[in-house]
Amino acid sequence: MNEAETRLQYEYMQKTKELVDQKSEQTGRRLLACVTTFGCQMNAKDSEKLAGILEKCGYELTEEEDKADFVIFNTCTIRDNANQKVYGRLGLLHHRKKGYPELKIALCGCMMQEMSVIEKIRKSYSFVDLIFGTHNIYKFAELLYRMHTEKDMVIDIWEGSNEIVEDLPALRKYPFKCGVNIMFGCNNFCTFCIVPYVRGREKSREPREIVREIEKLVEDGVVEVMLLGQNVNSYGKNFEEPISFAKLLERIEEIEGLERIRFMTSHPKDLSDELIEVMAKSKKICRHLHLPLQSGSDRILKAMNRRYTKKSFTDLALKIRKAIPDIAITTDIIVGFPGETKEDVDDTIDVIKQCAFDNAFTFIYSKRTGTPAAKMEQCDSEFVKEQFDRVLTCVQETAGKRVGKLTGMVDEVLVEEVNEKEKGFVTGRLSNNVMVHFPGDESMIGRIVKVKLTEAKGFYYFAEAVQ
Ligand code: SAH
Ligand code: SF4
Ligand code: F3S
């Protein structure tokens, strides 16, 4: 932990605030900032940190991008369509900046860790004011100060970092639930995946820092935490005195007032019996495990460098279902990895049927420059579309059947929001992550309510509150 760095950043927040306050005074209202998040929960968490710093720097946060004086895109590069979205939105911003030259634009996140992206932005999007990457977001206040005091585009991208800077501000999106980083980066190098290149090597946060953060969150009204890491099952392995993820969960379970613990993501190759035992006896760990399969074919799994087989995956999933019968298992699947054949996809479908996933996110393989799979022979796109549809149909059938089994049961929902489509309804999640809509009002948000599940609708439920 680097306390000097934390202090330095608070000094920059103060200095930047003076500049922003001056501008707010000239404008006759508080300057507005909008952070738009692309990508996964890690990015969502980073955006909360950015928002916290922006607030300390004198900005008021808004969700309306077209009213903001400062727009920040926290980008993702997991698949090409994530990148295309950012370029599309930048085009629109350029148009706005022509009519409002005072508009400031910053780009950060995973996409910015790619050299080719930086070159493209320098060349074709030179109206951007600030670019930084994933390793230096703790320096956001300092970078903001530079953005306000320097004339040229500020670019600060680091290749990696061993630093974990604690105790910086954050502005939570939800008062009652919050993501908590337990580790950063990834060492697995699955051959299709860009994450290890843009997020760097694996680093775990000290258990006492994690527990301290959660205790503070609970004091502040949080009842559910989501522990975040690319491979939570390898948590703590690089410490001088290693600690397992299961042990960390046991420590977090002891925190009084905390009701629910979730985590993402579990790599199947590292999931231990100890974790299954801890989950089975826990009162707070949610009945949900996200266990990405990617493919059911041994040949493709090997080419992906996933380090498990069709059999070891299904054995593991069935072992977990046996130990924790009410658990929901969800997964990620990639269709169209280089060299994939119809027979390989048959294997994937076979695993979906055997494991009866409660839900599966199915993606078409996207070639990421710099990863080993990009150099392999790519599949025909028509073929991939057909195979994708086969997988999707199978997922919908098996998941629909599994989720539908809960009809008539009574269970607890953490209410998250008022339902925008169905008037007089609220929406929340069961412990197993299934979404539930039931009659209620705003006063229920953040509360855990007992409901009877009345009607299954594919992946979600209608319900009614019970006493
Ligand atoms: N760390 C997690 C995955 C994070 S990325 C794990 O190992 O399980 C989230 C999901 O995006 C992955 O599970 C994978 O299914 C998908 N994904 C990653 N790279 C991809 C690519 N190049 N094309 C398509 N999908 C990809
Ligand atoms: Fe990507 Fe594999 Fe790491 Fe997950 S474990 S982030 S898929 S390299
Ligand atoms: Fe997440 Fe996308 Fe980065 S999925 S880790 S934001 S590349």
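What counts, and where the lines are drawn
- Residues numbered from 1 in each chain as written.
- Chains lettered and ligands numbered in written order.
- Predicted model: local features only at pLDDT ≥ 70, side-chain atom pairs only at ≥ 80, totals over all residues.
- Heavy atoms only, no water.
- Helix = DSSP H or I, 4+ residues; strand = E, 2+ residues; numbered from the N terminus.
- Rg over C-alpha atoms; globule rule 2.2 N^0.38 Å.
- Buried < 20%, exposed > 50% of the residue type's maximum accessible area, 1.4 Å probe, protein only.
- Areas by Shrake-Rupley, 256 points an atom, 1.4 Å probe, with all protein chains shown as cover.
- Near = heavy atom within 4 Å.
- Nonpolar A, V, L, I, M, F, W, Y, C, P; charged D, E, K, R; others polar.
- Core = buried A, V, L, I, M, F, W, Y, C linked by side-chain atoms within 4.5 Å.
- Contact = heavy atoms within 4.5 Å.
- Pairing = 2+ DSSP bridges.
- Axes fitted to C-alpha atoms, helices over the stretch in contact; angles between N-to-C directions.
- Polar contact = N/O pair within 3.5 Å; in protein donor to acceptor, adjacent residues only side chain to side chain.
- Salt bridge = Lys/Arg side-chain N within 4 Å of Asp/Glu carboxyl O.
- Arc of directions from axis to C-beta.

*Asks:* How would you sum up the overall build of the protein? Please name residues and give values.
*Replies:* What the protein contains, in helices and strands, is 13 helices and 19 strands. Relative to the 2.2 N^0.38 estimate, which gives 23 Å for 467 residues, the radius of gyration of the protein is 23 Å and therefore close to what a compact globule would have. When the backbone C-alpha atoms are referred to their principal axes, the protein occupies close to 65 × 60 × 50 Å. For the protein, the proportion of its 467 residues judged to be buried stands at 55%. When the accessible area of the protein is evaluated, it comes to approximately 21,900 Å², of which 49% is carbon and sulfur surface.

*Asks:* If you had to explain the site of ligand 2 to someone new, which residues and values would you point to?
*Replies:* In the neighbourhood of ligand 2, the contacting residues comprise C186, N188, F189, C190, F192, C193, V195, P196, Q230, H267 and R306. Across the shell around ligand 2, the residue classes break down as 7 nonpolar, 3 polar and 1 charged.

*Asks:* Could you give an account of the nonpolar core, with specific residues and numbers?
*Replies:* I214, L227, F245, F263 and I320 are the most contacted members of the largest nonpolar core, which has 57 residues in total. Apart from residues lying up to four places away in sequence, L227 is in contact with V180, I182, I214, V232, F245, L249, I252, I261, R262, F263 and M264. Counting residues in each nonpolar core, the second largest holds 24 residues, with I53, I137, L143 and M147 among its members.

*Asks:* Account for the sheet that holds strand β14 (residues 359-364), with residues named and values stated.
*Replies:* The sheet built from 3 strands is open, its strands ordered β12-β13-β14 with parallel pairing. Each edge of the sheet is formed by a strand with only one pairing partner; in this case those strands are β12 (288-290) and β14. Ignoring strand direction, the axes of neighbouring strands in this sheet form an average angle of 15°. Bridge count for strand β13 (residues 328-335) against β14 is 6 bridges, and the pairing is parallel. When the bridges of β14 are listed, I333 appears paired with T362.

*Asks:* Residue-level account of the side chain of S431, with values.
*Replies:* Residue placement: S431 occurs in the loop between β16 (425-430) and β17 (435-439). Contacts of S431, omitting those with residues within four sequence positions, involve R260, R262, C286, R287, H288 and E412.

*Asks:* Please provide a residue-by-residue account of the site of ligand 1, values included.
*Replies:* Taken together, 15 residues form the shell around ligand 1, and within it Q230, P292, Q294, D332 and S366 come nearest. Contact distances for ligand 1 include 2.9 Å between a nitrogen atom and a backbone N or O atom of Q230. A distance of 2.7 Å separates an oxygen atom of ligand 1 from a polar side-chain atom of D332. Considered on its own, ligand 1 offers 540 Å² of accessible surface; in the complex 90% of this is hidden by protein.

*Asks:* An account of the side chain of R321 is requested, with residue identities and associated values reported.
*Replies:* Take R321: it is sitting in helix α11 (residues 310-323). A relative accessible area of 14% means that R321 is categorised as buried. Within the local environment of R321, its side chain forms a polar contact with the backbone oxygen of C355, the two atoms lying 2.9 Å apart. Non-local contacts of R321, meaning those with residues more than four positions away in its chain, are made with I327, A328, I329, C355, A356, F357, D358 and R402.

*Asks:* Can you lay out the pattern of salt bridges for me, pointing to particular residues and giving the numbers?
*Replies:* Under the definition given, this model contains 37 salt bridges. R262 is the partner of E224 in a salt bridge, and the nearest nitrogen-oxygen pair spans 3.1 Å. Within this pair, whereas E224 is found in strand β10 (residues 224-228), its partner R262 is found in strand β11 (residues 260-264), the two being separated by 38 residues in sequence. Take E224 and R262: they sit in the same class, and that class is buried. With a closest N to O distance of 2.8 Å, K319 and D273 form a salt bridge. One end of the pair, K319, is in helix α11; the other, D273, is in helix α9 (residues 273-281), with 46 residues separating them in the sequence. For D273, a relative accessible area of 44% puts it in the partly exposed group. Salt bridges sharing partners connect three or more residues here, namely K45, E166, R205 and E213.

*Asks:* Residues and numbers for α9, please.
*Replies:* One turn of an α-helix holds 3.6 residues; hence residues three or four places apart share an orientation. Buried within α9 we find L275, I276, V278 and M279. Take α9 and look down its axis: the buried residues cluster within an arc of 165°, on one side only. Opposite the packed face of α9, turned more than 90 degrees from it, sit the exposed residues E277 and K281. On its buried side, α9 packs onto α8 (245-253), β11, β12 and α11.

*Asks:* I'd like to hear about the sheet that holds strand β7 (residues 177-181), residue by residue, with values.
*Replies:* As summarised here, the arrangement of the 3 strands in space is β7-β10-β11, forming an open sheet in which the pairing is parallel. What marks the edges here is a single partner per strand, and that holds for β7 and β11. The sheet shows a mean angle of 25° between the axes of neighbouring strands, taken without regard to direction. In this structure, β7 lies alongside β10, joined through 5 bridges in parallel fashion. Bridge assignment links N181 to a residue of β10, and that residue is L228.

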